[in-house]
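Residues per chain are reported as follows:
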Amino acid sequence: MSFFSSRRERRLWLWVLAVMVAIYATLGLAQQWAAALEERGLLDFTVGLFLLCMLLVGLTVLTQGLRVRPGGAEVAVFIGVATAYLLVLTRMTVPTERSHLIEYSIVGVLIHEALTERRSRGRRVPLPPVLAVLITVALGALDEGIQWLLPNRVFDPVDILFNTLAGTMAVAASVALTWARRRTALQRFGLK
């Protein structure tokens, strides 16, 4: 018996690993990049570029994830999720805080998808959404722990809170969208 329940689960865990390696690999460079951008007066441009990238990610999700005409529940959930992310993004003043929101949202969704896939294949996975958030929080705490060991970085418990918020928001959004899709599918087939 293989450790992974399917090729999809294996791929999802490999993506989690790749994202975490990318996050951890930038730990020594992030402050230097931010300082260099600020020194050249490009920090505001970078924030605008970041928001543009977020818009492109949202449009990609919208166009690829909603290939079928969405129902009212799906549209409502999508608008609610987009609004929540925009509110959080606009309240975060430091660009690196915004990156936590994106990084750990991606990690949270990938972990949740991997655990959900595992459960759908008959493996025992108690409460995939809760477990996904807990694993995401642990990886975010490890991120901060590594920073504590680096001479040019600082351990910041607030960043752990941002990572927790990001993972929780992403997993909650994923669960809500799945619920809305099922509801729409049931309505289309007249089962609800």
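Structure first, text after, so check above.
What counts, and at which threshold
The numbering scheme is per chain: residues are counted from 1 as the chain's sequence reads. At least 70 in pLDDT is required for a residue's local features to be given in this predicted model, at least 80 for side-chain atom pairs to be given and counted, and no such filter applies to totals for whole chains, interfaces and linings, which use all residues. Hydrogens are left out, water is left out, and the side-chain values use all remaining heavy atoms of the structure. By definition, any uninterrupted DSSP run of H or I lasting at least four residues is a helix, any uninterrupted run of E lasting at least two residues is a strand, and each is numbered from the N terminus. For every residue, the accessible area obtained with a 1.4 Å probe (protein chains only) is divided by the maximum for its type, and the residue is called buried under 20%, exposed over 50%, and partly exposed between those limits. In what follows, residue pairs with any heavy atoms lying within 4.5 Å of each other are defined as contacts. Using the Shrake-Rupley algorithm and a 1.4 Å probe, accessible areas are obtained, with residue cover drawn only from the displayed protein chains. Axes, fitted as lines to C-alpha atoms, cover a helix only where it is in contact. Angles between the N-to-C directions of the axes lie from 0 to 180 degrees. Relative orientations are named as follows: roughly parallel for angles under 35 degrees, roughly antiparallel for angles over 145 degrees, roughly perpendicular for angles from 65 to 115 degrees, and oblique for any other angle. Note on convention: near helix rotated counterclockwise from far helix by under a right angle means a left-handed crossing. Clockwise means right-handed. Residue polarity follows a fixed list, in which Ala, Val, Leu, Ile, Met, Phe, Trp, Tyr, Cys and Pro are nonpolar, Asp, Glu, Lys and Arg are charged, and the others, Gly among them, are polar. Here a helix's expected span is defined as the number of its residues, less one, multiplied by 1.5 Å. As used here, the arc is the angular range of directions from the helix axis to the C-beta atoms. Here the aromatic set is Phe, Tyr and Trp, taking the six-membered ring for Trp, and pairing holds for ring centres within 6.5 Å; pairs whose planes are under 30 degrees apart are stacked, those over 60 apart are edge-to-face, and all others are tilted. Charge-over-ring placement is defined geometrically: NZ (Lys) or CZ (Arg) within 6 Å of the ring centre, and within 35 degrees of the ring normal. What makes a salt bridge here is a side-chain nitrogen of Lys or Arg within 4 Å of a carboxyl oxygen of Asp or Glu, nothing more.

Enquirer: Would you take a moment to explain the overall build of the chain for this structure?
Expert: Looking only at helices and strands, one finds 7 helices and 0 strands in the chain. Mapped in sequence order, the helices and strands of the chain form the string α-α-α-α-α-α-α. Counting only residues that meet the buried cut, the chain has 31% of its 192 residues in that class. When contacts within the chain are restricted to residue pairs at least 6 apart in sequence, those whose partners lie at least 24 apart make up 74%. Accessible surface, the chain: about 12000 Å² in total, of which carbon and sulfur atoms supply 69%.

Enquirer: Sorry, what's going on with the packing of helix H4 (residues 72-91) against helix H7 (residues 157-188) here?
Expert: Two numbers describe a pair of packed helices, the interaxial angle and the distance between the axes. Following both chains from N to C, one finds H4 and H7 inclined at 170 degrees, their axes separated by 8 Å at the closest point. Viewed along their axes, H4 and H7 adopt a mutual orientation that is roughly antiparallel. Once H4 is placed against H7, the crossing between them reads as left-handed. Within the contact between the two elements, H4 uses Ala73, Glu74, Val77, Phe78, Val81, Ala84, Tyr85 and Val88 and H7 uses Leu165, Ala166, Met169, Ala170, Ala173, Ala176, Leu177, Trp179, Ala180, Arg181, Arg183 and Thr184. Residues that form the contact of H4 with H7 fall into these classes: 16 nonpolar, 1 polar and 3 charged.

Enquirer: How should helix H6 (residues 128-149) be read in this particular structure?
Expert: Residue pairs three or four apart in sequence face the same way in an α-helix, which turns once every 3.6 residues. Taking 1.5 Å of rise per residue, the 22 residues of H6 would be expected to cover 32 Å, and the 32 Å separating its terminal C-alpha atoms lies within 8% of that figure. Those residues of H6 that sit buried are Pro128, Ala132, Val133, Thr136, Leu139, Gly140, Asp143, Glu144 and Gln147. Buried positions in H6, seen along its axis, are confined to an arc of 150 degrees and lie on one side of it. Along H6, the residues that are exposed and aim more than 90 degrees away from the buried face are Leu134, Trp148 and Leu149.

Enquirer: Sorry if this is basic, but what is going on with the packing of aromatic side chains here?
Expert: Each aromatic ring pair is described using two quantities: the centre-to-centre distance and the angle formed by the ring planes. By the definition in use, this model includes 1 aromatic pair. Pairing Phe3 with Phe4 gives two aromatic rings, centres 5.2 Å apart and planes at 80 degrees, and the pair type is edge-to-face. The ring centre of Phe3 lies 5.1 Å from the NZ or CZ of Arg118, which sits over that ring.

Enquirer: Whenever I open this one, the packing of helix H1 (residues 7-25) against H6 confuses me. Can you help?
Expert: Running from amino to carboxyl end, H1 crosses H6 at an angle of 25 degrees, the nearest separation of the two axes being 11 Å. In this view, H1 runs roughly parallel relative to H6, as classed from their interaxial angle. When you trace H1 past H6, the crossing you get is right-handed. Side by side, H1 and H6 meet where Trp13, Val16, Met20, Ile23 and Tyr24 of the first sit next to Ile135, Leu139, Leu142, Asp143 and Ile146 of the second. Here the contact of H1 with H6 is composed, by residue class, of 9 nonpolar, no polar and 1 charged.

Enquirer: Can you walk me through the pattern of salt bridges in this structure?
Expert: Side-chain pairing between opposite charges can occur once the charged atoms of the two side chains come close. Within this structure, the stated rule accounts for 4 salt bridges. One salt bridge in this structure joins Arg8 and Glu113, with 2.8 Å as the shortest N-O distance. Residue Arg8 is located in helix H1, and its partner Glu113 is located in helix H5 (residues 95-120); the two are separated by 105 residues in the primary sequence. By relative accessible area, Arg8 is classed as partly exposed at 33%. Residues joined by salt bridges that share partners form a network here, namely Arg8, Glu113, Glu117 and Arg121.

Enquirer: I tried to follow the environment of Val16 on my own but got confused; where do I start?
Expert: Structurally, Val16 is set in helix H1. Its relative accessible area of 6% is what places Val16 among the buried residues. With 92 residues separating them in the primary sequence, Val16 and Gly108 have C-alpha atoms 8.8 Å apart. Beyond its immediate stretch of four places on either side in the chain, Val16 contacts Leu110, Ile111 and Leu139.

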